[in-house]
Amino acid sequence: MVPREFAHVKLKSSQNNKRSLTFCTLGLQALVALALLSSVSTAIAQTPTNDTTNTTPANSNSGPKPITVHGSLNFFGELYSIDGRERRRPASTARLSFSPTVSLYNAMDLRFNFLISTENETGRQQLNQGGVNPKWSWGEAHAGDFTENYTPLTLNGIKIRGASIALSPKVVTLKAIGGITNRAVATTDNNRSYERRVYGVSLGFGSQRGTNFTFIALNARDQLGSINDAPLPANGDSAIVSDTTTDTTLNPLAVTPQENLVLATVFNLSAFSGKLSWKSELAGSANTRDRRSSTLNADEVPDAVDNLLTPTVSTSFDYSYTTDVKIRPTKKITLSGGYSYLGPGYVSLAAASLPVDYRQVRFGAIFRGRSTQVRLNGSLQEDNLIDQKRFTTKRNRFTLALTNRPTSRWNITTSVALVSLDNDATDSLALLDNNNWIVRNAHTISFRSGPFRNIGIDYTYQASQENNTLRKQSEFESHTTTLRSAIAIGNNVTVSPNINTVLSRRGGGAWRTTRTYGGSARHRALKNLLVSSASVNISNDSENTSLRLSLRSSYPIKKVGNLTLGINHTRFTSDNPASNEFNETSGSIALRRSF
């Protein structure tokens, strides 16, 4: 099922006739699709099986139905308007998603996924998508648009338009994937992308949830000619450099066509009935920064590499390694530890986000008692692994959390966290040396009877301490207190008021107080089918005042689906002439039909 996402449509239709027409068209398509879907699902449910040889009485259970259909159809749109400042979201957007699943003899599921959006603008990657995911007991496949995750160091978090297959008969698991991850988009030199294609294979042996060994190979390649080369700057030699790794003179900030090869091995061990688990991954990458660069001489390249990738003078090689161990000596105690090394030259173009050039040591422990739980975890991290930077930066994190339940109705949470950041720079302007503390204590008390359902109080102290005298102005300190409760009024109304106070200062200056008063209410009517909610929050400090209002109502309409209407309004005023006062309003409609 495709998750519901916000869409935005500007109120001023006179300036957005095309977008408004698209919005209305999608809405009409949603209503027509809902009606057709209702008819089709009813017809499938009522159509008898034509089998003249079947003498089984009609009311007997003759086995599973040959075809069953279920899923959801969703339409979501939003009207958006703001005055007093620049628009913060697209003016007019609508989305229509359709996610049916067809089950064949309870042996195979065909999961379809379709999304239509008005957000497909020039200069962006495609948001419209469609795909099918057949799944059976020992395998599955994808065709169309989908996401696939192998490991964090290889393939992870990107959308692919293509196909994949995963087969896992007994103790062997074979996966293959191929498709396009980026479409060709050309705007400015550094705001564009080549068409990128990714191909990969994964071969594993052993239990998928136990001990196993997996080998992964991935190749990602930008397609030459999918966009024109970046135009040369026209403002003089200061913006143009002669790059010795390429055959031409290019803008140094321009996006270049890349090629990437990743080889990885993954080992997972599970022993002693799950009391010991060990996960590790070793990956190496070869990345060509610009495919147009001059190729290396064949004598300089090992045959094993040359057969998989064409190295050029802009190709770099590096590796990464990560491992984690978890031990459960008793049911009450869990110990964990891990280590990661991500080389500065390691690249995987099939991973959505992959920070590199750091090593990290991780540790953790959990103790579970009858009414108490204690958690300790932390990490020690540093960069500049090959001493190519002027200084090394260290980031350390420690957290201790205690959860205690003195009675069945009283829950206490206490935590202390320390995050430190420092480096060994000799220049005081570049020197980092600060500690950040976060201390929290929260209490929640619930009640068995009476109008009060629960009462909670939460206190948090934050402090950022700077040991570099040139950065003292960035020091920060704050005390945050929140008081909240839930009150039942009759059987159909619940009110939840809250008060939040923040006392803060920066750079050792004067204290500043920010107060927020608000609450929400929830009402059920018409046999609990009509659910309405409203919230209001007023926040103010010495200069600024912000008012936020929200109304939302949901009701199931027979043969159409669940209809949800909402409206949000924000008004911001300020006594500071440098601040922009504004009013922001949005109205939304959502239709959801499950079948």
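Residues numbered from 1 in each chain as written. Predicted model: local features only at pLDDT ≥ 70, side-chain atom pairs only at ≥ 80, totals over all residues. Heavy atoms only, no water.

Things to note about the overall build of the protein
When helices and strands are counted, the protein shows two helices and 29 strands. In the protein, which comprises 595 residues, the share counted as buried stands at 34%. The long-range share in the protein, meaning contacts at least 24 apart out of those at least 6 apart in sequence, stands at 53%. For the protein, the computed accessible surface area is about 34,100 Å², with 56% contributed by carbon and sulfur atoms. (Helix = DSSP H or I, 4+ residues; strand = E, 2+ residues; numbered from the N terminus. Buried < 20%, exposed > 50% of the residue type's maximum accessible area, 1.4 Å probe, protein only. Contact = heavy atoms within 4.5 Å. Areas by Shrake-Rupley, 256 points an atom, 1.4 Å probe, with all protein chains shown as cover.)

Examining the nonpolar core
Residues Tyr 150, Leu 155, Ile 160, Ile 177, Ile 216, Leu 218 and Ala 350 are the most contacted members of the largest nonpolar core, which totals 20 residues. The set of elements that each furnish at least two residues to this core consists of β12 (212–222) and β13 (259–271). For Ile 177, the residues in contact, after removing those within four places along its chain, are Phe 146, Glu 148, Tyr 150, Leu 155, Ile 160, Ala 163, Ser 164, Val 198, Tyr 199 and Gly 200. Membership of the second largest hydrophobic core comes to five residues, among which are Leu 73, Phe 75, Leu 96 and Leu 591. (Core = buried A, V, L, I, M, F, W, Y, C linked by side-chain atoms within 4.5 Å.)

Looking at a positive patch on the surface
A surface patch of positive charge is lined by Lys 275, Lys 279, Lys 326, Arg 328 and Lys 331. Summarising the element assignment, Lys 279 is placed in strand β14 (residues 276–288). (Patch = residues over 30% accessible without salt bridge, like charges linked within 9 Å, V, L, I, M, F, W, Y side chains within 5 Å. Salt bridge = Lys/Arg side-chain N within 4 Å of Asp/Glu carboxyl O. Lys, Arg positive; Asp, Glu negative; His and termini not counted. Charge placed at Lys NZ, Arg CZ, Asp CG, Glu CD.)

Considerations on the pattern of salt bridges
Applying the stated rule across the entire model yields 16 salt bridges. The partner of Glu 259 in a salt bridge is Arg 221, and the shortest N-O contact between them spans 2.6 Å. Taken as a pair, Glu 259 in strand β13 and Arg 221 in strand β12 lie far apart in primary sequence, 38 residues in all. A residue is classified by how much of its surface remains accessible, and Glu 259, at 4% relative accessible area, is buried. On the accessibility criterion, Arg 221 (30% relative accessible area) is partly exposed. With a closest N to O distance of 2.9 Å, Arg 359 and Glu 382 form a salt bridge. Of this pair, Arg 359 sits in strand β17 (residues 358–368) while Glu 382 sits in strand β18 (residues 372–382), and the two are 23 residues apart along the sequence. Here Arg 359 falls in the partly exposed class, since its relative accessible area comes to 27%.

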